[in-house]
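Summary of structural features
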Amino acid sequence: MSTKHVVVVTRKLPEAVENRLRRDYVPRLNPDDRLYTTDELLMLCEGADAIMPCHTERLTAEVIGRLPDSVRAIANFSVGVDHVDLQAAKDRGIVVTNTPDVLSDATAEIAILCLLGAARRASEGERLVRSAEWKDWSPAFMVGVQITGKRIGIVGMGRVGQVVARRARGFDMDVHYHNRQRIDPALEQEATYHPSLDEMLPLCDVLSLNCPATPETTGLLNDRRIGLLPDGAIVVNTARGALVDDDALIAALESGKLYAAGLDVYNNEPAINPKYRDLTNSFLLPHIGSATRETRDAMGFRALDNLDAVFAQDEPQDRVA
Ligand code: 8YV
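Residues numbered from 1 in each chain as written. Predicted model: local features only at pLDDT ≥ 70, side-chain atom pairs only at ≥ 80, totals over all residues. Heavy atoms only, no water.

Turning to the overall build of the chain, a few remarks are in order. Along the backbone of the chain there are 13 helices and twelve strands. The globule rule puts the C-alpha radius of gyration for 321 residues at 20 Å, and the 21 Å found for the chain is close to it. Projected onto its principal axes, the C-alpha positions of the chain cover 75 × 50 × 30 Å. Buried residues in the chain amount to 50% of all 321 residues. Contacts in the chain between residues far apart in sequence, at least 24 positions, make up 60% of those at least 6 positions apart. Surface accessibility of the chain: about 15600 Å² in total, with carbon and sulfur atoms responsible for 51%. Across the chain, 36 positive and 47 negative side-chain charges occur, with their mean positions spaced 2 Å apart. (Helix = DSSP H or I, 4+ residues; strand = E, 2+ residues; numbered from the N terminus. Rg over C-alpha atoms; globule rule 2.2 N^0.38 Å. Buried < 20%, exposed > 50% of the residue type's maximum accessible area, 1.4 Å probe, protein only. Contact = heavy atoms within 4.5 Å. Areas by Shrake-Rupley, 256 points an atom, 1.4 Å probe, with all protein chains shown as cover. Lys, Arg positive; Asp, Glu negative; His and termini not counted. Charge placed at Lys NZ, Arg CZ, Asp CG, Glu CD.)

As a further point, take the site of the ligand. In the neighbourhood of the ligand, the contacting residues comprise C54, H55, F77, S78, V79, G80, L103, R240, H287, S290, R296 and M299. Take H287: an N or O atom from its side chain is 2.8 Å from an oxygen atom of the ligand. At a separation of 2.8 Å, an oxygen atom of the ligand approaches a polar side-chain atom of S290. Considered on its own, the ligand offers 330 Å² of accessible surface; in the complex 93% of this is hidden by protein. (Near = heavy atom within 4 Å. Polar contact = N/O pair within 3.5 Å; in protein donor to acceptor, adjacent residues only side chain to side chain.)

Looking now at the layout of surface pockets. By volume, the second largest pocket amounts to about 170 Å³. Around the second largest pocket, the lining residues are A122, S123, E126, R127, R130, R277, L279, S282, F283, L284 and L285. Contributing elements (two or more residues each) for the lining of the second largest pocket: α6 (122–130) and β12 (282–284). Considering each element in turn, the lining of the second largest pocket owes the most residues, five residues, to α6. (1 Å grid on protein atoms, 1.4 Å probe; cavity = no way out; pocket = protein on both sides within 12 Å on 5 of 7 lines; lining within 4 Å. Points joined across faces, edges and corners; volume = space filled by probe spheres on them.)

Before going further, it helps to spend a moment on the pattern of salt bridges. Side-chain pairs of opposite charge can arise whenever the charged atoms involved come near each other. Inspection of every chain in the model, using the stated rule, returns 23 salt bridges. With a closest N to O distance of 2.7 Å, R159 and D101 form a salt bridge. Note that R159 is positioned in helix α7 (residues 159–169) and D101 in the loop between β5 (95–97) and α5 (104–119), a separation of 58 residues in sequence. Given the relative accessible area of 46%, R159 is considered partly exposed. For D101, a relative accessible area of 39% puts it in the partly exposed group. (Salt bridge = Lys/Arg side-chain N within 4 Å of Asp/Glu carboxyl O.)

Before going further, it helps to examine the nonpolar core. The nonpolar side chains of soluble globular proteins are, as a tendency, buried together. Counting residues in hydrophobic clusters, the biggest one holds 30 residues, and the most contacted among them are L207, L249, L258 and Y276. Where this core is concerned, the elements lending two or more residues are α9 (197–200), β9 (206–209), β10 (233–237), α11 (246–255) and β11 (258–263). Among the elements that line this core, the one with the most residues is α11, at five residues. Filtering out sequence-adjacent residues up to four positions away, L249 remains in contact with I226, V235, V244, L258, L263 and Y276. By size, the runner-up hydrophobic cluster in this structure holds 29 residues, among which are L115, A165, V175 and V206. (Core = buried A, V, L, I, M, F, W, Y, C linked by side-chain atoms within 4.5 Å.)

Within the span of α6, buried status applies to S123, E124, G125 and L128. Next to the buried residues of α6 lie β12. A132, located one to two residues past α6, shows a positive phi value of around 60°.

Time to look at unusual backbone geometry. Look at the link from E269 to P270: it is a cis peptide, with omega at -5°. Looking at the secondary structure, you find P270 in the loop between β11 and α12 (275–278). Phi at D172 takes a positive value of approximately 55°, unusual for a residue other than glycine. Located in the positive-phi region is H287, a residue other than glycine, with phi close to 50°. Of note, H287 is situated in the loop between β12 and α13 (293–311).

A few words on the side chain of N179. With respect to the secondary-structure elements, N179 resides in the loop between β7 (174–178) and α8 (185–188). A distance of 3.0 Å separates a polar side-chain atom of N179 from the backbone nitrogen of M157. Filtering out sequence-adjacent residues up to four positions away, N179 remains in contact with G156, M157, Y193 and H194.

So yeah, pure geometry; function would need other evidence.
Put into structure tokens, the structure is as follows:
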């Protein structure tokens, strides 16, 4: 009889996922869903074979360097892996996996929610109704921007970006995209590829950020690039806060250079730049891109499929290091 491997699960996961963990592994669960300190996490990893972290755990080179030798895999419960120092894991021979595909639909839904929320002033409207300050109606009341037929520029035409493009087409939007490489034209569905981000920006009534955070994309939306957008453009970010220079975005929202922003992700979550909260033209969500029952189950199962493969000495399908 083979002994079950020990897995440290850093956050509370869906019941079905935890049940599968209990069936196939010896999981060290976190029923209170408390955010562990680095020292707590390292202590929990003593004698463990694998970790199943979320993006809330920062597995820096220093942390990875301190992991016990028993840890052979980091099976992320996330598609983004910017919280893990992949090189440090590789150097220690630790396999790292993520959970692509299964959250593309859910995240694209939130991108469209952010787009509509920003364009149609949803935060302002909701506040008015909830606070009982809604006193009147007039043709000039709460007038926003229509997105139907407008141009959207998607930065990062990966799995999520492609679903955002399809949903945007449902609003008759003219889709443009920038990616490191042009995607297979069969997948483009009439979207226009721009090898140069700077050349795409002046065409974007809406800019949707859908690329991973890497050293190359950090701070990508800065003052200079915002200046290249048309006046009154809308910015949507459902990828990572690190893509945005907050001071530049906030200044552009304050000045009216940008009409509005719909944001689900931020630098330094959840302690976001407080100025975002004071803006009437910001539509703000708390990093819920993948937060549907269906998707969270699928993410957990995908992470476990990867873990199963590692311990069966197979190549996991979503290996990133
Ligand atoms: C997840 C995400 O909820 O998967 C990602 O990269 O950003 C989110 O949708 C989160 O990362 C879970 O760890």
